[in-house]
Amino acid sequence: MDRITHDLLEKRHISQQQIDRLTSRGVKDDTILETLTKVGAISLNFIKRFVVEQIRLGRYELSIIKNYHFLDEISILSHLAEVIEVPFIDLDSIDMDYRLVEKIPTLQLKRYNALPISQDDMYVVVAFADPLNIEAQESIQRLFPRKSLKIAVATEKQIQAYLFKMELKDSVKELVTNIRNELRNIGTIEEQQEASSILQLIDVILKACIKGRASDIHIEPTERNCVVRGRIDGKLAEIFIFDRDIYPPLASRIKLLANLDIAERRKPQDGRFSAMVMDAEFDFRLSTLPIIYGESIVMRILDKTKALVKLEDSGMDSESYQKLIKGLQSPFGIILVTGPTGSGKTTTLYGALNELRNVEDKVITVEDPVEYRMNLIQQVQVNPKVGLSFADALRSILRQDPDKIMIGEIRDHETLEIAIKAALTGHLVISTLHTNDAISAIPRMSDMGIEPYLISGALVAIQAQRLIRRICVHCKKEADIPQALLQDYSSLIPPNTVFYEGAGCKECNGSGYMGREMICEVLPITEELSSMIARGASKDDLLKEAKREGFIGMFENGMTKAVHGITTFDEILRVAKG
């Protein structure tokens with residue numbers, strides 16, 4: 001029996017009969033306490049208060065909660081902070097003074113799980129993962145002999161993550177010093193932008209983000225710092241933190257690379273540039289946005305090799321792939337790829353273009369902006385400033401004798417109307433639409449003012465998709481899924497299925513995930529579905545008919561990937577559970 005269950009039993013907060021009843025039903029010893037909370041025998045809040053009290057009295061180490069996955073570390077720590085009357089701080093929500101950490105050896109801070117975060121004339125505020133560790137407090141106090149320590153509480157994971165960022169910052173310390181020296185010795189703004197150390201720093205940032213598998217680089221000034229974040233597997237992660245004085249020359253040099261006006265800081269600007277990074281050529285699409293402390297700069301990394309990814313290599317299961325390929329072989333009609341922003345729709349469109357392009361067919365695309373350049377395809381960049389909208393470009397394209405047309409995104413009635421007409425007059429059209437699932441695309445088109453009989457005649461297939469994070473292969477381990485959850489989805493889970501998760505390691509920056517792949521649902525429009533659409537059938541009726549014909553939804557597709565150990569149960573619930 002585990003320690004907390006034993007102590008609750010000893011103090012008569014739970015009874016032996018309750019435990020015996022659960023064990024007789026096959027509940028394992030290590031899940032008894034969690035099960036007792038689920039059946040209402042004891043409240044989760046009471047257990048949290050009990051554990052915090054035992055930690056405060058010194059009977060439990062704070063690390064005891066790591067053995068109980070259902071005891072949320074943040075709620076335990078925030079309650080402990082309340083009891084001992086110190087603040088609990090979410091480090092991600094504050095603008096930290098990083099100059100404080102520079103004065104202290106990182107190894108010492110790692111040892112004590114401590115992080116100095118701010119100071120005034122009298123106090124230094126230090127966040128501890130264990131606020132009851134007196135030895136750690138005394139050691140850190142010796143590092144600040146002239147000021148008193150103010151204790152705060154933060155999670156160990158956050159403290160270690162920020163210390164790791166400080167180590168990264170140390171690795172470019174010499175470069176930052178060189179930049180400062182160059183800026184002091186250089187007078188004019190033009191000379192500052194040409195400073196070689198700034199170019200080296202940009203190269204380091206690009207390399208670190210590309211090595212870290214980022215899809216976007218965010219450079220953001222704050223009141224005290226300049227923060228560089230990368231979007232890795234769909235989530236932003238801080239990669240570098242510099243002092244505020246590094247931001248102006250860094251921002252100007254990046255804008256110069258993309259041929260933007262460096263003197264214009266009041267209006268948003270867009271540009272692009274190419275660079276060789278680690279012997280490979282990358283395109284970077286740049287966007288600037290004026291904010292309170294300067295400009296937020298976002299660079300989309302366009303890896304040319306990703307434009308040539310085959311559909312079957314993107315994570316599509318063979319059944320969905322066959323359905324989509326059959327649709328792409330249609331001589332005319334419209335194929336839609338749907339999903340929210342960042343779900344990989346554009347990559348799927350390029351994958352489809354790869355299947356379509358050949359010498360015999362004229363393929364034209366209308367995009368905003370053109371992300372990847374491809375041979376054998378005529379690509380048109382939308383430019384509203386000169387009156388070239390999606391609809392205008394489409395009208396002109398139809399006079400260019402195309403066989404196949406790709407429209408980056410259908411945003412309005414006019415574009416959709418021309419696309420439908422093109423599909424009905426002998427062209428194959430592929431495009432994207434923002435809907436949550438495949439079936440929803442049909443009522444969405446009706447809402448945009450297209451008659452049902454036109455939709456039924458033009459539609460060939462609809463694919464809805466999302467991106468899920470793959471479990472890191474370096475720290476993959478068996479996952480403990482609550483029994484209640486397994487019962488909720490028992491129809492989709494084969495008996496004796498073992499689920500996996502990532503423990504978090506250096507390779508995946510502690511996230512437990514590495515890389516992403518697609519989950520999807522493909523709805524081919526059969527004759528029966530087509531006639532139902534023409535009659536204006538409801539979404540529920542269309543879904544019923546689709547399922548009768550063998551349609552497999554995105555959640556079921558995702559659950560199959562979790563069952564096969566590609567991703568986690570939690571990830572499928574997060575991404576695909578509508």
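Not measured: the values here are computed from a predicted model.

## Overview of the UniProt feature "domain: Bacterial type II secretion system protein E" (unreviewed entry) in the chain
Link 1 in the chain: Following the UniProt record, one finds the feature "domain: Bacterial type II secretion system protein E" (unreviewed entry) at residues 398–412.
Link 2 in the chain: Secondary structure over residues 398–412 splits into 0% helix and 27% strand, and the C-alpha atoms at its two ends are 18 Å apart.

## Quick notes on the domain arrangement of the chain
Many structure descriptions define interface size as the accessible area lost when the parts assemble.
Link 1 in the chain: With domains assigned, the chain is organised as domain 1 (3–84), domain 2 (98–159), domain 3 (195–303) and domain 4 (309–469 + 516–549).
Link 2 in the chain: Spacing between the C-alpha centres of domain 2 and domain 3 amounts to 31 Å.

## Some thoughts on helix 24 (residues 569–576)
Link 1 in the chain: Along helix 24, the residues classified as buried are F569, E571, I572, V575 and A576. Buried residues in helix 24, looked at end-on, bunch into an arc of 160°, giving them a common side.
Link 2 in the chain: Packing partners of the buried residues in helix 24 comprise strand 15 (459–471), helix 20 (483–488), strand 18 (513–524) and helix 23 (554–563).

## A look at the packing of helix 23 against helix 24
Link 1 in the chain: At a minimum axis distance of 9 Å, the contact between helix 23 and helix 24 shows a crossing angle of 165°. Classed by the angle they form, the pair helix 23 and helix 24 counts as roughly antiparallel. In the crossing of helix 23 with helix 24, the sense of the turn from one axis to the other is right-handed. On helix 24, the residues that touch F555, G558, M559 and A562 of helix 23 are F569, I572, L573 and A576.

## Concerning the sheet that holds strand 12 (residues 377–381)
Link 1 in the chain: Read from one edge to the other, the open sheet built from seven strands follows the order 12-11-13-14-10-15-18, with strand pairing classed as mixed. Among the strands making up the open sheet, the edge pair consists of strand 12 and strand 18. Strand-to-strand, the axes of this sheet are offset by a mean angle of 20°, without reference to chain direction.
Link 2 in the chain: Contacts between helix 14 (residues 318–328) and the sheet are confined to strand 10 (333–338), strand 14 (428–433), strand 15 and strand 18, with strand 18 contributing the most and set at about 55° to the helix.
Link 3 in the chain: Relative to the sheet, helix 15 (residues 345–356) contacts strand 10, strand 11 (363–367), strand 12, strand 13 (404–407), strand 14, strand 15 and strand 18, its axis offset from that of strand 14 by approximately 170°.

Rules used in this analysis
- Residues numbered from 1 in each chain as written.
- Predicted model: local features only at pLDDT ≥ 70, side-chain atom pairs only at ≥ 80, totals over all residues.
- Heavy atoms only, no water.
- UniProt positions renumbered as here; feature names shortened; annotations may be inferred.
- Helix = DSSP H or I, 4+ residues; strand = E, 2+ residues; numbered from the N terminus.
- Domains from an automatic or database assignment.
- Buried < 20%, exposed > 50% of the residue type's maximum accessible area, 1.4 Å probe, protein only.
- Arc of directions from axis to C-beta.
- Contact = heavy atoms within 4.5 Å.
- Axes fitted to C-alpha atoms, helices over the stretch in contact; angles between N-to-C directions.
- Parallel < 35°, antiparallel > 145°, perpendicular 65-115°, else oblique.
- Left-handed = near helix turned anticlockwise from the far one by under 90°.
- Pairing = 2+ DSSP bridges.

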